[in-house]
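Overview (structure and organization)
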There are 2 protein chains.
Amino acid sequence: MPVQNALTRKDGRSQLASPPSVQLGRSFEPIGAPTAFARNEEVFGEGEPAEYLYKVISGGVRTYNSLDDGRRQIAAFYLPGDIFGLEARKFHSVTAEAITRSMLHAVKKTKLMSRPSGDLMMTHLLLDLTTQELHRTQAHILLLLRSAEERVVGFLLEIAKREACKREFDLRMSRQDIADYLGLTIETVSRTLTRLENAAVISMQTSRHIVLRYRPALHRLNS
Amino acid sequence: MPVQNALTRKDGRSQLASPPSVQLGRSFEPIGAPTAFARNEEVFGEGEPAEYLYKVISGGVRTYNSLDDGRRQIAAFYLPGDIFGLEARKFHSVTAEAITRSMLHAVKKTKLMSRPSGDLMMTHLLLDLTTQELHRTQAHILLLLRSAEERVVGFLLEIAKREACKREFDLRMSRQDIADYLGLTIETVSRTLTRLENAAVISMQTSRHIVLRYRPALHRLNS
DNA sequence: CGACCATTTGATATGGATCAAGCGATGTGG
DNA sequence: CCACATCGCTTGATCCATATCAAATGGTCG
């Protein structure tokens, strides 16, 4: 069931005061039907031509770079409502995969361009999206400098902010995904979550279900 | 003496096939005179309104976030020809300071907007700059995941690519600046450089003057 | 020359990686 | 319906890269 946040209401209009000119939904009025992707299915690969933008309807997507030493750096997670597929160059610099079964809405960029005043609209859309990506990326850098515990807490707060219920939610991604996003090992992520649970800061009914029990501590750790 | 690279020739036109629509110089034709900034002088501070774009004429600039624990994360170094001051929001999210005595050319954004077809041009300019920033930031993330040695080598190659002479150059920034950019301590940066010199991969006449002596080893380390 | 600041070098401590094993849920074939 | 394999996660023991603490060196400017 797709989560509907302020940027993804059916009518495609935001109710938030949009920082620059963020009305992303507007340019993404349904054209064609959403496509289904299976868990771990590739949406596009590094190096392929970047012709489409995608909007997550349900499920979730990870984008990543494969490192030469076999590791994987996850660049971002895209949750329902998020748009991805944006690239600076003509080709994708990351690979995108569904993290769970997902519905994605794809729009060909040239199609957007060809509509009346498409160029201006497209440029604005791209600027908004790029700006948002830049923000996300800068925040990611700041996260990577911190201790393992701070990274994990930062990650939980980041996800919580984007989920419908900010206090209790299911993680769509595996421990390995989280580790690859935070630049940690799976063991460290696991141990850190266990420690947070022991400290009664969070609780986990199952390994994928998180309850943020004591926010002040989380924000203190996230300082 | 400002370095002139392909993007900053006097006529403001690039000779490179520009990836998206990068013609940054064009919009930055001299309006008013450049301003001098002393070493460590602040150009703008975190939280201030972002009204101007700046172009580095000579010297260099660092942008950074102050971390709550007193550390400092340098987001980027801007060298002659680079444009900075771009912000997603209405306010600066970083502080900018001159790393050496620098000449900067400032252009008020509203001024660019008010010129004929200013809005379209401005949007394109912002998109180009934002895209470039996004690239830089993504590359920065990948750098931060590597070992100390790989980070330092990556940094040297990154700087070399942007300097006039790619084999031999002066570092405009201190060891502390480098450390804060790479998420390392000053001691680790220093030790790593010493080790590279002992391995005859680089040489340093002075601590600020770098000669890349053996590229293959550098690229191997950068893999 | 002397003070100051940036850099280097040395000794030790430690957070997180690595290696290894155990556990719990889920699914499959007999 | 149960034995068993598989997969994702957790837990434990040890190791190592980098931080930390401390001091020496060198370069610059008054």
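These notes cover the structure that comes with them. (Residues numbered from 1 in each chain as written. Chains lettered and ligands numbered in written order. Predicted model: local features only at pLDDT ≥ 70, side-chain atom pairs only at ≥ 80, totals over all residues. Heavy atoms only, no water.)

Below, the discussion takes up the pairing of strand β7 (residues 95-98) of chain B. Residue and element names in this part refer to chain B. Burial of β7 is two-sided: the residues T95 and E97 facing one way and the residues A96 and A98 facing the other way are all buried. Direction of pairing for strand β2 (residues 42-44) relative to β7: antiparallel, over a ladder of two bridges. Bridge pairing in β7 links F44 to A96. The sheet contact formed by strand β4 (residues 61-66) and β7 spans four bridges and is antiparallel. (Buried < 20%, exposed > 50% of the residue type's maximum accessible area, 1.4 Å probe, protein only. Helix = DSSP H or I, 4+ residues; strand = E, 2+ residues; numbered from the N terminus. Pairing = 2+ DSSP bridges.)

Before going further, it helps to spend a moment on the interface of chain B and chain A. Chain B puts 30 residues into the contact, and the matching count from chain A is 31 residues. The interface formed by chain B and chain A includes two salt bridges. Its salt-bridge partner being D68 of chain A, residue R146 of chain B comes within 3.5 Å of it at the nearest N-O pair. At the boundary of chain B and chain A, one finds two residue pairs in polar contact (both at pLDDT 80 or more). Across the side of chain B that touches chain A, the residue classes break down as twelve nonpolar, 13 polar and five charged. (Contact = heavy atoms within 4.5 Å. Salt bridge = Lys/Arg side-chain N within 4 Å of Asp/Glu carboxyl O. Polar contact = N/O pair within 3.5 Å; in protein donor to acceptor, adjacent residues only side chain to side chain. Nonpolar A, V, L, I, M, F, W, Y, C, P; charged D, E, K, R; others polar.)

The next subject is the packing of aromatic side chains. For any pair of aromatic rings, geometry is given as the distance between the ring centres together with the angle between the planes. Within this structure, the stated rule accounts for 16 aromatic pairs over all chains. Relative to Y54 of chain A, the ring of Y52 of chain A lies with its centre 6.3 Å away and its plane at 40 degrees, an arrangement referred to as tilted. Assessed through its relative accessible area of 10%, Y54 of chain A is described here as buried. The rings of F44, Y52, Y54, Y78 and F84 of chain A are connected pair by pair, giving a single aromatic cluster. Sitting above the plane of the Y64 of chain B ring, R72 of chain B keeps its charged end 5.5 Å from the centroid. (Phe/Tyr/Trp six-rings, centres within 6.5 Å; stacked < 30°, edge-to-face > 60°. Lys NZ or Arg CZ within 6 Å of the ring centre and 35° of its normal.)

Turning our attention to the protein's contact with DNA strand D. Near DNA strand D, the surroundings consist of 17 residues, among which R175, S190 and R191 of chain A together with A148 and T188 of chain B are the closest. Near the protein, meaning within 4 Å, the atoms of DNA strand D are sugar or phosphate in a fraction of 62%, with bases accounting for the rest. Within the side chain of R191 of chain A, one N or O atom sits 2.7 Å away from a base nitrogen of DNA strand D. The side chain of R208 of chain A places a nitrogen or oxygen atom 2.8 Å from a phosphate oxygen of DNA strand D. Every element with two or more residues in the surface near DNA strand D is listed here: α5 (186-198) of chain A together with α5 (186-198) of chain B. The dominant element in the surface near DNA strand D, judged by the number of residues it contributes, is α5 of chain A, at four residues. Tallied by class, residues from the surface near DNA strand D come to two nonpolar, eight polar and seven charged. (Near = heavy atom within 4 Å.)

All names here are of chain B. Put simply, helix α4 (residues 175-182) and α5 touch, their axes get as near as 8 Å, and they point 105 degrees apart. If you check the angle between α4 and α5, you find them roughly perpendicular. Residues R175, Q176, I178 and A179 of α4 form the contact with α5, whose own contacting residues are I186, V189 and L193. Classifying every residue of the contact of α4 with α5 gives five nonpolar, one polar and one charged. (Axes fitted to C-alpha atoms, helices over the stretch in contact; angles between N-to-C directions. Parallel < 35°, antiparallel > 145°, perpendicular 65-115°, else oblique.)

All names here are of chain A. Considering the arrangement of structural elements, one finds F44 in strand β2 (residues 42-44). Look at F44 and you get buried, because its relative accessible area is 3%. Separated by 109 residues in sequence, F44 and V153 have C-alpha atoms that sit 30 Å apart. Not counting residues within four places of it along the chain, the set of residues in contact with F44 comprises Y54, F84, G85, H92, V94, T95 and A96.

As a further point, take the relation of the copies chain B and chain A. Taken as rigid bodies, chain B and chain A are interconverted by a rotation of 180 degrees and an axial shift of 0.0 Å, the fit giving an RMSD of 0.0 Å. This pairing of chains is accounted for by a two-fold axis. The share of interface residues of chain B whose copies in chain A are also at the interface is 100%, consistent with both copies meeting through the same surface. (Least-squares fit on C-alpha atoms with pLDDT ≥ 70 in both.)

Turning next to the pattern of salt bridges. Applying the stated criterion to the full structure yields 26 salt bridges over all chains. Where R72 of chain B meets D180 of chain B, a salt bridge forms, and the shortest distance between an N and an O atom there is 2.7 Å. Highlighted residues: R72 of chain B in strand β5 (residues 72-78) and D180 of chain B in helix α4, separated in sequence by 108 residues. One exposure class covers both R72 of chain B and D180 of chain B, and it is buried. Ionic contacts of the salt-bridge type, sharing partners, join the residues R62, R72, E97, D177 and D180 of chain A into one network.

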